Amino acid sequence: MALKKTTVMVDEQDLALIKAAAEREGRPESEYFREAFHLAALRTQRWNEDWDIPRLDFGHPVSAEEIHETVSDAVSDQK
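Residues numbered from 1 in each chain as written. Predicted model: local features only at pLDDT ≥ 70, side-chain atom pairs only at ≥ 80, totals over all residues. Heavy atoms only, no water.

A.B. asks: Explain the pattern of salt bridges residue by residue, including any values.
C.D. replies: All chains considered together, the criterion is met by 5 salt bridges. Residue Glu 25 is joined to Arg 27 by a salt bridge in which the shortest nitrogen-to-oxygen separation is 3.7 Å. Classification of Arg 27 as partly exposed rests on a relative accessible area of 26%. In the salt-bridge network here, residues are joined through shared partners; they are Arg 24, Glu 25, Arg 27, Glu 31 and Glu 35. (Salt bridge = Lys/Arg side-chain N within 4 Å of Asp/Glu carboxyl O. Buried < 20%, exposed > 50% of the residue type's maximum accessible area, 1.4 Å probe, protein only.)

A.B. asks: Describe the layout of surface pockets, with residues and values.
C.D. replies: Put simply, the largest pocket is a space of about 640 Å³. Along the wall of the largest pocket there are 15 residues; nearest its centre are Lys 4, Thr 6, Phe 33, Arg 34 and Phe 37. When grouped by side-chain class, the residues that make up the lining of the largest pocket number 9 nonpolar, 3 polar and 3 charged. (1 Å grid on protein atoms, 1.4 Å probe; cavity = no way out; pocket = protein on both sides within 12 Å on 5 of 7 lines; lining within 4 Å. Points joined across faces, edges and corners; volume = space filled by probe spheres on them. Nonpolar A, V, L, I, M, F, W, Y, C, P; charged D, E, K, R; others polar.)

A.B. asks: Describe helix α1 (residues 12–25), and please don't skip the residues or the numbers.
C.D. replies: With 14 residues, α1 extends 20 Å between its outermost C-alpha atoms, agreeing within 8% with the 20 Å of an ideal straight helix rising 1.5 Å per residue. At the N-terminal end of α1, a side-chain oxygen is found 3.0 Å from the backbone nitrogen of Gln 13, two or three residues along, and the residue is Asp 11. Two residues or fewer past α1, Gly 26 is found with a positive phi of approximately 70°. (Helix = DSSP H or I, 4+ residues; strand = E, 2+ residues; numbered from the N terminus. Expected span 1.5 Å × (residues − 1). Polar contact = N/O pair within 3.5 Å; in protein donor to acceptor, adjacent residues only side chain to side chain.)

A.B. asks: Kindly report on the confidence of the model for the protein chain, identifying the contributing residues and their values.
C.D. replies: Residue-level pLDDT values for the protein chain average 92, and 99% of them are 70 or greater. Taking the mean pLDDT of every element in the protein chain, the minimum, 89, falls on helix α3 (residues 64–77) and the maximum, 97, on α1. (pLDDT = per-residue confidence, 0-100.)

A.B. asks: Break down the packing of aromatic side chains for me, with residues and values.
C.D. replies: What characterises a pair of aromatic rings is the spacing of the ring centres plus the angle enclosed by the ring planes. Counted by the stated rule, this structure contains 1 aromatic pair. Consider the rings of Trp 47 and Trp 51, whose centres lie 5.4 Å apart with planes at 70°: the pair is edge-to-face. Exposure remark for Trp 51: the relative accessible area of 55% places this residue in the exposed category. Its end group placed over the ring of Tyr 32, Arg 27 keeps NZ or CZ at 4.1 Å from the ring centre. (Phe/Tyr/Trp six-rings, centres within 6.5 Å; stacked < 30°, edge-to-face > 60°. Lys NZ or Arg CZ within 6 Å of the ring centre and 35° of its normal.)

A.B. asks: Before we move on, could you go through the packing of α1 against helix α2 (residues 29–43) and cite the residues and values that matter?
C.D. replies: The description of two packed helices rests on the angle between their axes and on the distance between the axes. Close contact between α1 and α2 brings their axes to 8 Å; oriented N to C, the two are set at 120°. Here α2 runs oblique to α1, going by the angle between their axes. Remark: the crossing between α1 and α2 carries right-handed chirality. Residue-level contacts link Leu 15, Ile 18, Lys 19, Ala 21, Ala 22 and Glu 25 of α1 to Glu 29, Tyr 32 and Phe 33 of α2. Looking at the contact of α1 with α2 residue by residue, the class counts come to 6 nonpolar, no polar and 3 charged. (Axes fitted to C-alpha atoms, helices over the stretch in contact; angles between N-to-C directions. Parallel < 35°, antiparallel > 145°, perpendicular 65-115°, else oblique. Left-handed = near helix turned anticlockwise from the far one by under 90°. Contact = heavy atoms within 4.5 Å.)

So, in structure tokens, the structure goes:
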């Protein structure tokens, strides 16, 4: 992957957080900016075709409580 240099204006508080994280984790600041730029680039992608995402019909509206119980049961079954 070829890298290209660019200049970006950033909020001072955000930059201070990145500098602190880089020092704490021993990573170059540039890695954080490349990662953030990559995530922003991924968000801009668009696809021409429709996605084939199945729609599930449980025959009734599913409540937040049902979802919580199901997830809790699944997690406790894995232990």
